[in-house]
Amino acid sequence: MQADIFRRRLLCLRKQAIQSHAQLDPQGRANSAPVPFGHFKDVHQSFKRSGQTPLVAIKNITFDLKAGHLVTLLGPSGCGKTTFLKIVAGLISASGGTIQINGRDVAEPQPDFGVVFQQANLMPWRSILDNVLFPMEILRRSDAAAKLRAQELLALVGLEGFEQSYPSQLSGGMQQRVALCRALIHKPKLLLMDEPFGALDELTRMEMQDLLLDIRVKTDATVMFVTHSISEAVYISDVVAVLSKRPSVIADYIVVNLPYPRSAEIRYSAEFTDLEHRAGRALGITR
Amino acid sequence: MTFRDVRNAIYPLVGISAILLIWQLYTHFLGINRIVLPSPLDILWASISNWDVLLRESWPTFLESVLGFALAVAIGIPFAVCVANSRVLNLTLYPILIATQSIPKVAVAPIILVWFGLGMQSKLVIAFLVAFFPIVVDTAAGMRATPVGLLELARSLRASSLQIFLKVQFPAALPFIFAGAKVAVTLAVIGAVIGEFIGSVGGLGNLLLTANSQLDSPLAWAALIWLSVLGILLFGAVVIAERIVMPWSDVGHH
Ligand SMILES: Nc1ncnc2c1ncn2[C@@H]1O[C@H](COP(=O)(O)OP(=O)(O)O)[C@@H](O)[C@H]1O
Ligand SMILES: [Mg+2]
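Residues numbered from 1 in each chain as written. Chains lettered and ligands numbered in written order. Predicted model: local features only at pLDDT ≥ 70, side-chain atom pairs only at ≥ 80, totals over all residues. Heavy atoms only, no water.

1. What to know about the overall build of chain A
- Scanning chain A for helices and strands turns up eight helices and ten strands.
- Sequence separation of 24 or more characterises 69% of the internal contacts of chain A that already satisfy a separation of 6 or more.
- Split by element, the accessible area of chain A, about 13100 Å² in all, is 51% carbon and sulfur. (Helix = DSSP H or I, 4+ residues; strand = E, 2+ residues; numbered from the N terminus. Contact = heavy atoms within 4.5 Å. Areas by Shrake-Rupley, 256 points an atom, 1.4 Å probe, with all protein chains shown as cover.)

Written out as C-alpha cells, the structure reads:
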C-alpha cells in the first residue's frame with residue numbers, strides 16, 4: 001500500500017520534471033523529439049605532462065541523460081570519473097566534445113547545479129545549519145525561507161537537533177548527510193555526486209543509498225552519480241554507464257528497470273544479480 | 001571554567017612549585033650569596049616591597065609590547081593576504097621580508113633609537129619589527145592552505161573572489177593566524193625589552209638593568225619575574241581571543 005503511494009508520487013514527479021523540461025526547450029523544437037536534459041558527445045580529456053606525451057584520461061564519453069533520471073558512472077579507479085564530473089560541473093574545461101545541460105553549453109560552473117564530493121568538505125567554523133546555508137549565502141538568497149528549507153532538509157536526512165552543532169561533533173556519515181543537504185538547498189536542476197559514500201563503512205553506505213532513493217522521490221533533481229561499486233550502481237540507478245579503464249570509453253550502457261521503491265531485499269533478486277553480472281562483464285571482472 | 005581548565009592548570013602549578021621548593025632549599029642550605037642567586041623568598045619579598053615601582057615600570061613595557069603587537073597584526077595580516085594572493089607581490093616582497101628578518105633586531109635597535117628617540121616610540125617600533133614576521137609567515141601559510149575541496153565548492157557556485165576570501169580563505173586561515181599571533185605576542189615583549197636595554201628612561205627592562213648595576217639582585221629577579229608574568233598574560237589574552245573568535249576549535253575533542 002505504502003509502496004504503491006511512493007511509486008505513484010515518484011512517477012508523478014518524474015513526469016513533472018520531464019514536462020517542465022519540455023517547456024524549457026530553448027530551441028522550441030517539436031515535443032515529439034525533445035532535446036535530452038543532458039547531452040554529452042565525444043567528451044575527451046587529456047592532461048599535459050612535462051617531457052612526456054599527454055595523458056589521455058577520457059578517450060570518448062557519449063550518452064544522453066533524461067530529466068529526473070539517476071545515471072551512475074561506474075568505472076575502475078583512475079579511469080576519469082572525477083574528471084568527467086568536474087567537466088560537467090564546469091570546474092575544468094574538456095579538451096574536446098560537447099556538454100549540454102538543459103540546452104545550454106556548459107563551459108563554466110552553473111549555480112543551479114549541486115555538487116557532493118567524496119569528502120564532506122564542511123567548514124569547521126560554521127554550524128551545521130550555516131554549512132547547509134552556504135550556497136544560499138553565495139547566491140545571496142539566504143533568507144528566512146532558506147533557513148526553513150535547510151531545517152527541513154536536515155530533518156529529512158535525520159539530523160534534526162544538530163543544527164547548531166559543529167562538523168567536528170558529527171560522524172563521517174552524518175557529515176556526508178549535511179553535504180547532501182548543502183547540495184540540495186538551492187533546489188539544483190542537476191545533482192553531481194562523486195563517490196559520496198566511498199569513505200563510509202558498508203552499513204552506513206547502504207543507509208545512505210536508501211536515503212538517496214528517498215530524497216529522489218522528494219526532489220525532482222536529475223542526478224549524476226560516480227562510484228566504483230557495482231552493487232551501489234545497480235541499486236540506486238535508472239541507468240548505469242560503465243566506463244572502461246583509462247583512456248576511458250563507455251563500455252556498456254545499462255538501463256536498470258528494477259521497480260521503485262527499492263529496498264535492500266531487491267539486492268538478492270535474480271534481476272539484480274543479472275544486472276551486476278552484466279556490469280561486471282563490462283568492467284572485465286566477470287565473463 | 002571547566003574541569004579540563006582546572007586540570008590543565010594543576011600540572012604546571014605543581015611543576016613550578018617543585019622547582020621553587022628545590023631552589024629555596026638549595027640557596028638556604030648551601031648559603032648562596034643573594035647577589036649571585038637570590039632565593040625565591042628574597043625575590044618575593046623584593047616584589048612585594050617594591051610593588052609600586054614594578055607596577056609603574058610595567059606600564060610602559062606593557063604599552064610598547066601591546067601596541068607593537070597590535071601594529072604588527074594590523075599591518076601584517078593585510079600584507080600577508082596580498083602576498084599570498086598575488087604572485088607578483090609574493091615574488092617582489094617575500095625575499096625582501098626574509099632578508100630584513102635575518103638581520104638581528106639587537107643590531108638594528110640602536111639605529112631605531114637614533115630615529116625614534118629614547119621614549120616609548122622606539123620600543124614600540126622594535127616590538128613591531130619582531131612581531132611582524134611570524135604574523136606574516138603564518139597568515140600567508142594559512143591563506144595558501146585553504147582546503148581544495150572548499151575552493152571547488154565555492155567555485156561551483158560561482159562565488160566572487162571577495163566572497164571566497166571572506167567566507168572561505170580567511171576563516172580557514174584563522175588557526176594559522178592565531179598560531180602566529182601567539183608567537184608574535186611573546187616576541188613583542190622581548191622586542192620591547194631589547195629596546196629598553198639599548199637605551200631608555202623607563203620600563204621593566206630599564207629597571208632590571210638599573211637594579212643589576214646596583215647589585216640589587218632580588219629586585220632584578222623580581223623585574224624578570226614580572227616580565228615573564230607580563231608575557232604570560234599577553235599570551236593568555238591571545239588564547240582567550242582565539243577561543244572567542246573560533247568557538248568551534250574547542251568542541252568535539254572531549
Ligand atoms: N589535473 C590533472 N593533471 C594531470 N592528470 C590528472 C589530473 N586530474 C586527473 N588526472 C589523471 O587522470 C586520470 C583520471 O583521474 P580521475 O578522474 O581522478 O579518476 P577516477 O575519479 O576515475 O578515479 C588519473 O590517471 C589521474 O592521474
Ligand atoms: Mg575519483
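Additional details are given in the paragraphs that follow.
2. Things to note about the overall build of chain B
- For chain B, the helix and strand inventory stands at ten helices and zero strands.
- When the helices and strands of chain B are read in sequence order from the N terminus, they spell out α-α-α-α-α-α-α-α-α-α.
- Counting only C-alpha atoms and orienting by the principal axes, one finds that chain B spans roughly 75 × 50 × 30 Å.
- If you take every contact in chain B between residues at least 6 apart in sequence, the share linking residues at least 24 apart comes to 73%.
- Taking the average place of the 13 positive charges on the side chains of chain B and the average place of its 11 negative ones, the gap between the two points comes to 14 Å. (Lys, Arg positive; Asp, Glu negative; His and termini not counted. Charge placed at Lys NZ, Arg CZ, Asp CG, Glu CD.)

3. Regarding the layout of surface pockets
Residues and elements named next belong to chain B.
- Roughly 500 Å³ of volume is contained in the largest pocket.
- For the largest pocket, the lining is made up of 13 residues, of which Asn-8, Ala-9, Pro-12, Ile-232 and Gly-236 are closest to its centre.
- Of all elements in the fold, only helix 1 (3-30) and helix 10 (217-245) reach the threshold of two or more residues within the lining of the largest pocket.
- Top element by residues in the lining of the largest pocket is helix 10. It accounts for seven residues.
- Leu-20, Pro-40, Ile-43, Leu-44 and Ile-225 are the residues nearest the centre of the second largest pocket, which is lined by 13 residues in total. (1 Å grid on protein atoms, 1.4 Å probe; cavity = no way out; pocket = protein on both sides within 12 Å on 5 of 7 lines; lining within 4 Å. Points joined across faces, edges and corners; volume = space filled by probe spheres on them.)

4. Remarks on the sheet that holds strand 8 (residues 222-227) of chain A
All names here are of chain A.
- Pairing is mixed in the open sheet, where ten strands are placed in the order 5-4-1-2-10-9-3-8-7-6. Bordering the open sheet on either side are strand 5 (104-105) and strand 6 (113-116), each of which pairs with just one other strand.
- As paired elements, strand 2 (residues 55-65) and strand 10 (residues 248-255) share two bridges and run parallel to each other. Among the inter-strand pairings, Ile-58 is bridged to a residue of strand 10, identified as Ser-248.
- Its contacts with the sheet place helix 6 (residues 202-218) against strand 3 (70-74), strand 7 (190-194) and strand 8, and it is angled at close to 165° to strand 8. (Pairing = 2+ DSSP bridges. Axes fitted to C-alpha atoms, helices over the stretch in contact; angles between N-to-C directions.)

5. Describing the packing of helix 3 (residues 51-85) of chain B against helix 8 (residues 161-198) of chain B
Residues and elements named next belong to chain B.
- Closest axis-to-axis distance for the helix 3/helix 8 pair is 8 Å, and the angle between their directions is 145°. In this structure, helix 3 crosses over helix 8, and the sense of that crossing is right-handed. Facing helix 3, whose interface residues are Thr-61, Glu-64, Ser-65, Phe-69, Ile-77, Val-81 and Asn-85, helix 8 presents Phe-165, Gln-169, Phe-170, Ile-177, Ala-181, Ala-184, Val-185, Ala-188, Val-189, Ala-192, Val-193 and Glu-196.
- A breakdown of the residues in the contact of helix 3 with helix 8 according to their chemical character gives 13 nonpolar, four polar and two charged. (Left-handed = near helix turned anticlockwise from the far one by under 90°. Nonpolar A, V, L, I, M, F, W, Y, C, P; charged D, E, K, R; others polar.)

6. Things to note about the packing of aromatic side chains
Residues and elements named next belong to chain A.
- Taken as a whole and assessed by the stated rule, the structure comprises eleven aromatic pairs over all chains.
- The interplanar angle of 55° and the centroid separation of 5.7 Å between the aromatic rings of Phe-197 and Phe-225 together place this pair among those described as tilted. Note that Phe-197 is positioned in the loop between strand 7 and helix 6 and Phe-225 in strand 8, a separation of 28 residues in sequence. In this structure, Phe-197 and Phe-225 share a single accessibility class: buried.
- Counting every residue linked through ring pairs, the aromatic cluster contains Phe-40, Phe-63, Phe-84 and Tyr-253.
- The residue whose ring lies beneath Arg-262 is Tyr-260, and the NZ or CZ to ring-centre distance is 4.2 Å.
- Here the basic side chain of Arg-267 rests over the ring of Tyr-235, its NZ or CZ set 3.9 Å away from the ring centre. (Phe/Tyr/Trp six-rings, centres within 6.5 Å; stacked < 30°, edge-to-face > 60°. Buried < 20%, exposed > 50% of the residue type's maximum accessible area, 1.4 Å probe, protein only. Lys NZ or Arg CZ within 6 Å of the ring centre and 35° of its normal.)

7. Digging into the nonpolar core
- Formed by 92 residues in total, the largest nonpolar core has its most connected members in Phe-40, Phe-63, Phe-84, Leu-192 and Met-224 of chain A.
- Tallying contributions element by element places helix 8 of chain B first for this core, with 14 residues.
- Once residues within four sequence positions are removed from consideration, Phe-84 of chain A is found in contact with Phe-40, Val-43, Ile-58, Ile-61, Phe-63, Leu-73 and Met-224 of chain A.
- Core analysis: the next-biggest nonpolar cluster, separate from the first, contains 53 residues, Ala-120, Val-157, Val-178 and Val-240 of chain A among them. (Core = buried A, V, L, I, M, F, W, Y, C linked by side-chain atoms within 4.5 Å.)

8. Focus: the environment of Arg-262 of chain A
Residue and element names in this part refer to chain A.
- With respect to the secondary-structure elements, Arg-262 resides in the loop between strand 10 and helix 8 (270-283).
- Taking the relative accessible area as the measure of exposure, Arg-262 reaches 6% and is therefore buried.
- Remark: the alpha-carbon pair of Arg-262 and Ile-236, spanning 26 residues in sequence, is separated by 8.2 Å.
- A polar contact of 3.5 Å, which involves the side chain of Arg-262, links it to the backbone oxygen of Val-234.
- A polar contact of 2.8 Å, which involves the side chain of Arg-262, links it to the backbone oxygen of Tyr-235. (Polar contact = N/O pair within 3.5 Å; in protein donor to acceptor, adjacent residues only side chain to side chain.)

9. A look at helix 10 of chain B
- Spanning 29 residues, helix 10 of chain B covers 42 Å between terminal C-alpha atoms, matching the ideal 42 Å at 1.5 Å per step.
- Those residues of helix 10 of chain B hidden inside the fold are in contact with helix 2 (40-49), helix 3, helix 8 and helix 9 (204-213) of chain B. (Expected span 1.5 Å × (residues − 1).)

10. Notes on the site of ligand 1
All names here are of chain A.
- In the vicinity of ligand 1, the residues found are Phe-47, Leu-55, Ala-57, Pro-76, Ser-77, Gly-78, Cys-79, Gly-80, Lys-81, Thr-82, Thr-83 and Arg-246.
- At 3.0 Å, a backbone N or O of Gly-80 approaches an oxygen atom of ligand 1.
- For ligand 1, an oxygen atom lies 2.5 Å from a polar atom in the side chain of Thr-83.
- Against a free-state accessible area of 560 Å², the protein chains account for coverage of 61% of ligand 1.
- When contributions to the shell around ligand 1 are tallied by element, the ones reaching two or more residues are strand 2 and helix 2 (81-89).
- Examining the composition of the shell around ligand 1, we find that three residues originate from one element, helix 2, more than from any other. (Near = heavy atom within 4 Å.)

11. Section: a nonpolar patch on the surface
- There is a patch of nonpolar side chains on the surface, built from Leu-41, Leu-44, Trp-45 and Ile-48 of chain B and spanning about 460 Å² of accessible area.
- Structurally, the position occupied by Leu-41 of chain B is in helix 2. (Patch = residues over 30% accessible without salt bridge, like charges linked within 9 Å, V, L, I, M, F, W, Y side chains within 5 Å. Salt bridge = Lys/Arg side-chain N within 4 Å of Asp/Glu carboxyl O.)

12. What about the interface of chain A and chain B?
- On the chain B side, the residues contacting the 25 residues of chain A number 19 residues.
- Carbon and sulfur atoms make up 65% of the surface buried where chain A meets chain B, a total of about 2200 Å² over both sides.
- When the area that chain A buries against chain B is broken down by residue, the three leading residues are Leu-91, Trp-125 and Ile-138 of chain A, summing to 30%.
- For the interface between chain A and chain B, the tally reads three salt bridges.
- A salt bridge links Arg-158 of chain B to Glu-108 of chain A; the nearest nitrogen and oxygen atoms lie 3.7 Å apart.
- Applying the counting criterion to the chain A and chain B interface returns five residue pairs in polar contact (both at pLDDT 80 or more).
- Broken down by class, the residue content of the side of chain A that touches chain B amounts to 14 nonpolar, five polar and six charged. (Buried area = accessible area lost by both parts, 1.4 Å probe.)

Purely geometric stuff here, so don't read any function into it on its own.
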